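Spelled out from the first residue to the last, the chains are:
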Amino acid sequence: MTIVISEIQQQQLTFLHIKVEGWLRARDYVAVGDLLNHWPYRCNQPALAIVDCRGLTGWHWRALYYDLIFSLRYRHCFAGFVVLGNRRWQHWGCGVSAMIMGMPIHYCNSAAKAYRLIHSLASGRD
């Protein structure tokens, strides 16, 4: 599993780009939590994020439980997500996560659309 978090500045907007590749395990959520806890602005202001899941091949069953815990623990750190994916189950997961986190989470399968959606979220046009 590879998880890379970077900060992107584009057209006066700063957001996180989270790239996920491989098979997601429970311990990966702990690693992402550690990365977020050491992020420079550490949730001082809720962030927008694009989560690129095109390289995500699946979840270990225990990771689903940790996804729920992670969502509840870090939901105050985010204002919304755009999930860039290429599988039907990723699209389905966005709907479930949006209900749990109580924020807009959009799914798309093109990088250009992901950037348009993140700018739309930033301007309040959910």
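The structure we're discussing is the one just above.
Quick summary incoming for the structure in this document. Throughout, residues of each chain are indexed from 1 in the direction in which the sequence is written. Only residues with pLDDT of 70 or above have their local features reported here, since the model is predicted, and side-chain atom pairs are shown and tallied only from 80 upward, although totals for entire chains, interfaces and linings are computed over all residues. Working from all heavy atoms in the structure, the side-chain values ignore hydrogens and water.

## Quick look at helix α3 (residues 88–101)
Helical geometry note: an α-helix holds 3.6 residues per turn, so side chains three or four residues apart project in the same direction.
Move 1: Taking 1.5 Å of rise per residue, the 14 residues of α3 would be expected to cover 20 Å, and the 20 Å separating its terminal C-alpha atoms lies within 8% of that figure.
Move 2: Within α3 the residues assigned to the buried category are Q90, G93, C94, S97 and M101. What you see down the axis of α3 is that its buried residues fit within an arc of 115 degrees, all on one side. Away from the buried face of α3 by more than 90 degrees, exposed residues R88, W92 and M99 are located.
Move 3: Whether two residues touch is decided by their heavy atoms; if any such pair falls within 4.5 Å, the residues are in contact. Here a strand is any run of E in DSSP of at least two residues, a helix any run of H or I of at least four, and the numbering for each starts at the N terminus. Taken together, the buried residues of α3 touch β3 (47–59), α2 (61–74), β4 (78–84) and β5 (105–108).
Move 4: Remark: G102 follows α3 within two positions and exhibits a positive phi of approximately 65 degrees. By this rule, a helix spans an expected 1.5 Å times one less than how many residues it contains. Any residue under 20% of the maximum accessible area for its type is buried, any over 50% is exposed, and the rest in between are partly exposed; the area is computed with a 1.4 Å probe on protein chains only. Relevant arc is that of directions from the helix axis to the C-beta atoms, nothing else.

## Let's talk about the environment of F81
Move 1: With respect to the helices and strands, F81 occurs in strand β4.
Move 2: The sequence separation of F81 and I8 amounts to 73 residues, and the corresponding C-alpha distance is 14 Å.
Move 3: When sequence neighbours within four positions are dropped, the list of residues in contact with F81 reads A49, V51, M101, M103, P104, I105, H106 and L121.

## A few points about α2
Move 1: Helix length check: α2, at 14 residues, gives a terminal C-alpha distance of 21 Å against a target of 20 Å (1.5 Å per residue), a fit within 8%.
Move 2: Contacts from the buried residues of α2 go to β2 (13–24), α1 (26–37), β3, β4 and α3.

## Details of the pairing of β5
Move 1: DSSP bridges decide pairing: two strands pair if at least two such bridges lie between them. As paired elements, β4 and β5 share four bridges and run parallel to each other. Residue pairing across strands places F81 opposite I105, the latter belonging to β5.
Move 2: The handedness rule is simple: strands pointing away from the viewer, and a clockwise path from the first strand over the helix to the second, make the crossover right-handed. One crossover worth recording links β4 to the parallel β5 by way of α3, and it is right-handed.

## Observations regarding the pairing of β3
Both faces of the sheet carry side chains from a regular strand, because those side chains alternate between them.
Move 1: Pairing between β2 and β3: eight bridges, direction parallel. Its bridge partner being in β3, E21 is matched across the sheet by G55.
Move 2: Both β3 and β4 contribute to a ladder of six bridges, which runs parallel. Its bridge partner lying in β4, A49 is registered against F81.
Move 3: For the crossover that starts at β3, traverses α2 and ends in the parallel β4, the hand is right-handed.

## Focus: the packing of α2 against α3
Two measures define how a pair of helices packs: the angle their axes make with one another and the distance between the axes.
Move 1: Contact geometry for α2 and α3: axes closest at 9 Å, N-to-C directions at 40 degrees. In this view, α2 runs oblique relative to α3, as classed from their interaxial angle. Here α2 runs over α3; the crossing is right-handed. Contacts between α2 and α3 involve D67, L68, S71 and L72 from the first element and S97, I100 and M101 from the second.
Move 2: Charged residues are taken to be Asp, Glu, Lys and Arg, nonpolar residues to be Ala, Val, Leu, Ile, Met, Phe, Trp, Tyr, Cys and Pro, and polar residues to be all remaining types, Gly included. Looking at the contact of α2 with α3, its residues break down into four nonpolar, two polar and one charged. Orientation is described by axes fitted as lines to C-alpha atoms, over the contacting stretch for helices, and by angles from 0 to 180 degrees between their N-to-C directions. The cut-offs work like this: below 35 degrees is roughly parallel, past 145 is roughly antiparallel, 65 to 115 is roughly perpendicular, and the gaps in between are oblique. Note: crossing handedness is left-handed where the near helix turns anticlockwise from the far helix by less than a right angle, and right-handed where it turns clockwise.

## Comments concerning the pattern of salt bridges
Move 1: Every case where a carboxyl oxygen of Asp or Glu lies within 4 Å of a side-chain nitrogen of Lys or Arg is listed as a salt bridge. Taken as a whole and judged by the stated rule, the model has four salt bridges.
Move 2: For D28, the salt bridge is made with R25, and the minimal N-O distance between the two is 3.1 Å.
Move 3: A residue is classified by how much of its surface remains accessible, and D28, at 7% relative accessible area, is buried.
Move 4: In this structure, the salt-bridge partner of R54 is D52, at a minimum N-O distance of 2.7 Å.
Move 5: The exposure class assigned to D52 is buried, which follows from its relative accessible area of 3%.
Move 6: Look at the salt bridges and you will find they share partners, linking K19, E21, D52 and R54 into a network.

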